[in-house]
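The primary structure of each chain is shown beneath.
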Amino acid sequence: MVVAKDHKAVFLSAKWRTDDGGREEMTLAVSWSGTLSTEEGESVSSVICIPLASQKRSSTGRPDWTCIVVGFSSGYVRFYTESGVLLLAQLLNEDPVLRLKCRTYEIPRHPGVTEQLSGPGILYPAALVTIDGFSLFQSLRACRNQVARAAAAGSEVVHPPPLAYKKWGLQDMDTIVDHSSVGIMTLCVFDQMKNASILGGFHASVKGSPPAMSQYITVGGGPYTGFYYAIEGSSQPLLSHVALAVASKLTSALFSAASGWLGWKKQSEEEPTQKQKPKVEPATPLAVRFGLPDSRRHGEFICLSPCNTLAGVTDDFGRVTLLDVGRGIAIRMWKGYRDAQLGWVQVSEGRGERESSPSAPLPRRHAQFLVIYAPRRGILEVWGTQQGPRVGAFTVGKHCRLLYAGYRLMGVNSVTSQGWLLHTQQVCLFDPATGVLRTVTVPFHLALSDKKSERAKDMHLLKRLTTLLKNILESEAQSVLLDIKHPAVKKQALESLLANKNAPVSCLTNITRVLLASLKGQDPEAVDEGLFQLCSSQLKLLQLYTDIQQLHSTGEATTDTHTEPVSTTNTTGCTARLVCVCFSPVGSFLFWGCLTGQSPLQKVCNTLQKTGISPQQLLSLLLSVWLHREKEVLKKTEAVRHLHTLLTALSSMKGAVEESWDMQCVSPWWQQVRSACVQSHSSAAALLAAIVAHRAAKANITILAETKFQSEWEAVSLELEQWAVCVRQLEDVLSLQTLLCVPPPQGTPGSATPHCSVKALLEGGRGGIADSVAKWVFRQDLAPERLKDMLQRRGEAESTEQPSQPEQGKGEKSQEDAAFNRLLVSVCQRFPDSLSPDLLFAHCCWEYVVQWNKDPEEGRYLCWAVEHLKLVSSPHIQLGISSMMWNTFIVKCFSAAAFLIEKVSRDVGMGDCAMTSFLGSCVQLLQILMEADSGVEEVTPPELCVEEVWGGAEGPASLAELALEQKGVHYPLVQHHYLLASLLHTAMTFSLRVKPLSLFDSKGKNAFFRELSSIQLMPSGDMDPGLVSLRQEFLLRVLTGWVTTQRVAVEGPGSGSGDKTWPSLCLDLGLLLQVNPDILRRHLVCELYNQGLDPRAEQVEDKDVLGSQLLVLTGQRLSYSLLHTQTQTRPAMELLARLPPTLCTWLKAMDPSELGCPSVPLSQTSRLVSRLIEILPENHGQYSLALHLLEAVEDLIPPSD
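Residues numbered from 1 in each chain as written. Predicted model: local features only at pLDDT ≥ 70, side-chain atom pairs only at ≥ 80, totals over all residues. Heavy atoms only, no water.

Novice: Can you walk me through the overall build of the protein in this structure?
Specialist: When helices and strands are counted, the protein shows 37 helices and 27 strands. Burial status across the protein gives 47% buried among its 1201 residues. For the protein, the proportion of contacts with a sequence separation of at least 24, taken over those separated by at least 6, is 69%. As displayed, the protein has an accessible area near 60200 Å², and 52% of this comes from carbon and sulfur atoms. (Helix = DSSP H or I, 4+ residues; strand = E, 2+ residues; numbered from the N terminus. Buried < 20%, exposed > 50% of the residue type's maximum accessible area, 1.4 Å probe, protein only. Contact = heavy atoms within 4.5 Å. Areas by Shrake-Rupley, 256 points an atom, 1.4 Å probe, with all protein chains shown as cover.)

In structure tokens, the structure reads:
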């Protein structure tokens, strides 16, 4: 729905919501609001919404999206999406747009009907423009796709294709205010000859075949109604070339404006202050053929019927005129409807209405009703056409709006609509006072005369019965029900009566009994079988309800005064009817009193047996109430004993357990109990029911064995084996469900607690159990190390055979933690194979990487996924899981990160911190891949086992099975990616600007982001010296950045030591990148001394380091102490005077500003000079300078030092 005024508009879309009562209702919510006008001074003059058909097979026959077409006072017609994005604009005429209307494809009701053209029509004061629907459909779809791509990628928008339209200049009418396009029509030969003689005279020539004409009807003044006919194929062409010329002038301004809305318009692309309007092509004159002249009457609105044969016209005299479109005459007129609003309702005859015809089935009939809303009187009326009576009248508000589109989906034709069921055109009344939108629905039988339609009388009686149900009057309701003749209406009336919750059971029983008796008294061939079966089954259920209610009352059961178990679903028998009822309420009514001991068990069972309901259905009802009311069952210990009694009683009924049952076969009766238990999510109640049923079945088998064999031997049967497996499975599921129900700690990313059942675990495959526990580990936010400790205690408990006594004081912070650990250990012991440590760690790894993929900003998830992967002991599983992680989640994001750092602008979807964490996890993952690939040859693949009772699991392959099926990796290619990941990680960690891909040659670049199992052409031999130089420069910058962080860590609070692994990592990378490690080591030592970290430098320094670099650094320190301090001491000045001229000149040439930490204790500097003298050979040119430095430093050190 669109609401527009002046230059503003609001778009509303249908949304479903749930009200306070839990019912779903459709509402109209604002999807867009804003200003539509782009020309100065223009305003909205007309709006229509056109739904476009979907081209997808999955949504055939449904709308894909809705195009909003808006006409403006400037003459522009613009097309918008539901979100207010402009798709297309056309200036077809310079006059204001008066009215927009549309035609869409209609499926012909009869063969031979001319297929009508579709498309919108735009009315101007003296012109009419019709746009070809197929061309518009394709253009709008293309424009929408182009705008969407432009918004996503910022690419240039392609010009839209031209529209195909026709423009007619309407003549011979003084004023035109509305129009209607009837469509293409073909005259009969007589009418063709008549028109030719009238227009052309006696000598007029007549063509052999009547031409096809498009008919248009206009309303206004002088004449009051005008009929225009445009011959198809005449001089007026489809103005595609005109549209192309107009579009070429419009698209630049149009899409530059669109680009501004979408956010990618540049500042320099400002629109000019005055835009030149495009040239408008002249219209082709079209003279009026004839009209309805009425000099004082002026038409206001015309509404065409769905079958294109009738039209309703309103005028300024308060009249509504019904026109026969084909004949061009007025056939009916209503008065007293000033400012009326019109709409049409077309109703098809029901499929079963005429099937009783003795001859061939007659075609379905259609009826049309004219809906008139008179706002002055506040009344909505429905009239039958053509001369039919008023069939309905409703009092509504005086400020409502009648909404009638008159068209369906655009983009449908005779080919694409085959097999479609097009939605009926609806008439809606919108009340702005309450915001309610009501639809007008008219039944078909109202089009029939009252004398010939018994159904109309029956519907009247049905309405009367509905009124009587508000205040139950048994006698009147009974008489009304008997007076109804039509079986379908009588069945509907009976169902309405039975669905009334206010009716007493006695009233319902009496009425149903009387109706059944009347049916039995009629001719059996004339009685509807479905109605008879409905009455019979409902009467049995009512009698059953009465008997059970009396038993509950005698047993002092607390029940409601009336809880009606009867639904209104059509049935054919009592047993079939009972299946359709919701099991839980009916089961509670029948058996809950028995389970709680408040009702006599045996009497209830005897009553149920007399009804003829099958024991299998009673068993389903009993199990449903037991399993659905688990919490109440667990609180009542005596309920287990009563359940055993009920099961035994039901088993003894005739038809429950077959007498010919062989004990070596599975009994269908007990299999029904097992099926209900294994499908239930109520694990505790299902286990109790299984134990009780197991005991009852064992007793039953024992009795049968004594009867048949008369032996003291214990009977062994397949049935008991099935029960043993079922009970063990339910015990396992209860243990697992208890673990999954442990609430997660506050502040963790919790989710809904999953409900598991035996059936769900069996259908989940062999990895379903480990997957459930992995999801629980994620909800509990268990760290990998803590999970490892808990699983280690499991192994210790198994070795000592004391699983229930965990050690105290080793990880449990409280009794709650101890119970928590015991619960996990207990579950793992029940599933020793499915929850083996390797499988559990593998599933936890996969769960965390899946959660990271949902939220890449949570880098901790991926980090913990890698930590879980490290804990997997089998290299085969490690290799498969890491390969799957890389191919499924990591490689796409990793390549995007590499190109982003390379400045190729690819969106990664995470911030800098998350990016750094992600790259660090990538390094560890690739390292695990290399280690696992090296270890698979030494270890045999593990055998994946499953517990014996869970061996029947069917479903998708487990994660471990998929991991073992993965291909091996090419080690050099993995190492190649590891090298890139390490470079990216170091660049992000130390905020270094570098193009990492530029550190590799063309072979290396081409090998990136390929399948790790593929064989790629890798770099080999000596690398280009230029590349080696770039690599060396990068690694030197990394070492400088790390030393800076170490200095900050020492000076900062806490005096943290920082990460000490980076130097060794750089040296390892240097070997892979063919960089001389000696250069890296010397640079590291110099940087450490430069930052005043002498103790660290002494640990790294060796004889290969050049002493001259350290000599310069020592001179800079001494120069700072003697020449550049703000407060020079007297000993320093005296020492400076005693220094040799050569040393003094050398110190003055030093630049202390290059030092990262110039103020270093003199004792450290003295130790550095001593080390220098040890390193430098005596024949070195600067050996004597080093000796002078040592003397100068020792003189500077105070005696107290």
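Here the narrative resumes, following the displayed structure.
Novice: Sorry, what's going on with the side chain of H970 here?
Specialist: Take H970: it is sitting in the loop between α26 (959-964) and α27 (971-989). Discounting chain neighbours no more than four positions away, the residues touching H970 are L1012, S1013, S1014, I1015 and Q1016.

Novice: Honestly, helix α14 (residues 638-651) in this entry has me stumped. Any pointers?
Specialist: Helical geometry: 3.6 residues make up each α-helical turn, so side chains three or four residues apart lie on a common side. With 14 residues, α14 should reach 20 Å at 1.5 Å per residue; the first-to-last C-alpha distance of 20 Å fits that figure. For α14, the full list of buried residues reads A639, H642, L643, L646, L647, A649, L650 and S651. (Expected span 1.5 Å × (residues − 1).)

Novice: When you look at helix α19 (residues 768-780) in this model, what are you seeing that I'm missing?
Specialist: With 13 residues, α19 ought to run about 18 Å at 1.5 Å a step, and its terminal C-alpha atoms sit 18 Å apart, in line with that. Listed in full, the buried residues belonging to α19 are G768, I769, A770, S772, V773, A774, W776, V777, F778, R779 and Q780. Immediately beyond the C-terminal end of α19, within one or two residues, lies D781, with a positive phi of roughly 60°.

Novice: In this structure, what is going on with the side chain of T607? I would like to understand it.
Specialist: Tracing the backbone shows T607 in helix α11 (residues 601-610). The residues touching T607, leaving out its near neighbours within four places in the chain, are L544, D547, I548 and L551.

Novice: Mind showing me how you'd approach the pattern of salt bridges here?
Specialist: Oppositely charged side chains can form a pair if their charged atoms are brought close together. For the coordinates displayed, the defined rule picks out 20 salt bridges. A salt bridge links R99 to D178, with the nearest nitrogen and oxygen atoms 3.5 Å apart. Placement of R99 in strand β8 (residues 99-103) and of D178 in strand β12 (residues 175-186) is noted, with a sequence separation of 79 residues between them. You can call R99 partly exposed: its relative accessible area is 25%. The buried category is assigned to D178, whose relative accessible area is 0%. Its salt-bridge partner being R728, residue D732 comes within 3.1 Å of it at the nearest N-O pair. Taken as a pair, D732 and R728 lie in helix α17 (residues 718-740) at a separation of four residues, close to a single helical turn. Judged by relative accessible area, which is 0%, D732 ranks as buried. By relative accessible area, R728 is classed as partly exposed at 35%. (Salt bridge = Lys/Arg side-chain N within 4 Å of Asp/Glu carboxyl O.)

Novice: Can you help me understand the nonpolar core in this one?
Specialist: One broad rule of soluble globular proteins: the nonpolar side chains tend to lie buried together. With 191 residues, the main nonpolar core has W776, W852, I890, F894 and F918 as its most contacted residues. Element by element, the count of residues in this core is highest for helix α24 (residues 875-901), at 15 residues. Setting aside chain neighbours within four positions, we find F894 in contact with W886, F918, L919, C922, H977, L980, A981, L984 and F1009. Counting residues in hydrophobic clusters, the runner-up holds 31 residues, among them L310, A340, A367 and C400. (Core = buried A, V, L, I, M, F, W, Y, C linked by side-chain atoms within 4.5 Å.)

Novice: Which parts of the structure should I look at to understand the environment of G593?
Specialist: Along the polypeptide, G593 turns up in helix α10 (residues 583-595). By relative accessible area, G593 is classed as buried at 11%. Sequence spacing of G593 and L551 is 42 residues, and the spatial spacing of their C-alpha atoms is 9.6 Å.

Novice: Would you explain the packing of helix α23 (residues 859-870) against helix α25 (residues 912-935) in this entry?
Specialist: Helix-helix packing: each pair is described by the crossing angle between the helix axes and the interaxial distance. Put simply, α23 and α25 touch, their axes get as near as 9 Å, and they point 15° apart. On the basis of their axis angle, the class for α23 and α25 is roughly parallel. Read as a crossing pair, α23 and α25 show a hand that is left-handed. Of the residues in α25, those in contact with G859, L862, C863, V866, E867, L869 and K870 of α23 are S917, F918, S921, Q924, L925 and I928. A per-class count over the contact of α23 with α25 returns seven nonpolar, four polar and two charged. (Axes fitted to C-alpha atoms, helices over the stretch in contact; angles between N-to-C directions. Parallel < 35°, antiparallel > 145°, perpendicular 65-115°, else oblique. Left-handed = near helix turned anticlockwise from the far one by under 90°. Nonpolar A, V, L, I, M, F, W, Y, C, P; charged D, E, K, R; others polar.)

Novice: What's the story with the sheet that holds strand β20 (residues 329-335) in this structure? I'm lost.
Specialist: Pairing between the strands of a sheet comes from backbone hydrogen bonds, and it takes one of two forms, parallel or antiparallel. With antiparallel pairing, four strands are arranged side by side in an open sheet as β17-β18-β19-β20. In the strand order of this sheet, the two ends are held by β17 (299-304) and β20, each with one partner. Averaged over neighbouring strand pairs, the angle between their axes works out to 20° when direction is ignored. Two elements, strand β18 (residues 310-315) and strand β19 (residues 319-324), share five bridges in a ladder whose sense is antiparallel. Bridge assignment links T314 to a residue of β19, and that residue is V320. (Pairing = 2+ DSSP bridges.)

Novice: I tried to follow the packing of aromatic side chains on my own but got confused; where do I start?
Specialist: Each aromatic ring pair is characterised by the separation of its centres together with the angle its planes make. Tallying each qualifying case throughout the model produces 19 aromatic pairs. Relative to W32, the ring of F11 has its centre 4.9 Å away and its plane inclined at 45°; by these criteria the two rings are tilted. Taken as a pair, F11 in strand β2 (residues 8-18) and W32 in strand β3 (residues 24-35) lie far apart in primary sequence, 21 residues in all. W32 sits in the buried class, given a relative accessible area of 19%. Seen from their ring centres, Y229 and F290 are 6.2 Å apart, and the 35° between their planes marks the pair as tilted. Here F290 lies in strand β16 (residues 288-292) and Y229 lies in strand β14 (residues 225-231), a separation of 61 residues in the sequence. (Phe/Tyr/Trp six-rings, centres within 6.5 Å; stacked < 30°, edge-to-face > 60°.)

Novice: How should the sheet that holds strand β4 (residues 44-53) be read in this particular structure?
Specialist: Strand order in the open sheet formed by four strands is β4-β5-β6-β7, and the pairing between neighbours is antiparallel. With one partner strand each, in any of the chains shown, β4 and β7 (86-91) form the two edges of the open sheet. The average angle at which neighbouring strand axes cross in this sheet is 20°, direction not considered. Of the pairings in the sheet, the one linking strand β5 (residues 63-72) to strand β6 (residues 76-80) comprises four bridges and is antiparallel in character. By the bridge assignment, G71 is partnered in β6 with V77.

Novice: Before we go on, may I ask you to explain the state of the cysteines in this structure?
Specialist: In protein structure, a disulfide is the covalent linkage between the sulfur atoms of two cysteines. Under the counting rule described, the total for this entry stands at zero disulfides. With no disulfide partner, C67 has as its closest neighbouring cysteine sulfur the one in C49, 8.8 Å distant. Judged by its relative accessible area of 0%, C67 is buried. (Disulfide = S-S within 2.5 Å.)

Novice: For this particular structure, what's the right way to read the packing of α27 against helix α30 (residues 1062-1072)?
Specialist: Packing of α27 against α30 brings their axes to within 11 Å, and their N-to-C directions diverge by 135°. In this view, α27 runs oblique relative to α30, as classed from their interaxial angle. For the pair α27 and α30, the sense of crossing is left-handed. Residues Q975, Y978, L979, S982, L983, H985, T986 and T989 of α27 pack against W1062, L1065, L1069 and L1072 of α30. For the contact of α27 with α30, the class distribution of residues is seven nonpolar, five polar and no charged.

Novice: For this particular structure, what's the right way to read the pairing of β19?
Specialist: A regular strand carries its side chains on alternate faces of the sheet. In terms of residue burial, β19 counts as a mostly covered element, since five of its six residues are buried. Taking the residues between adjacent antiparallel strands as the criterion, β18 and β19 are bridged by three residues, where G318 takes a positive phi near 80°. Count of turn residues in the β19/β20 antiparallel hairpin: four residues, of which G328 carries a positive phi of about 75°.

Function cannot be inferred from these measures alone, as they are strictly geometric.
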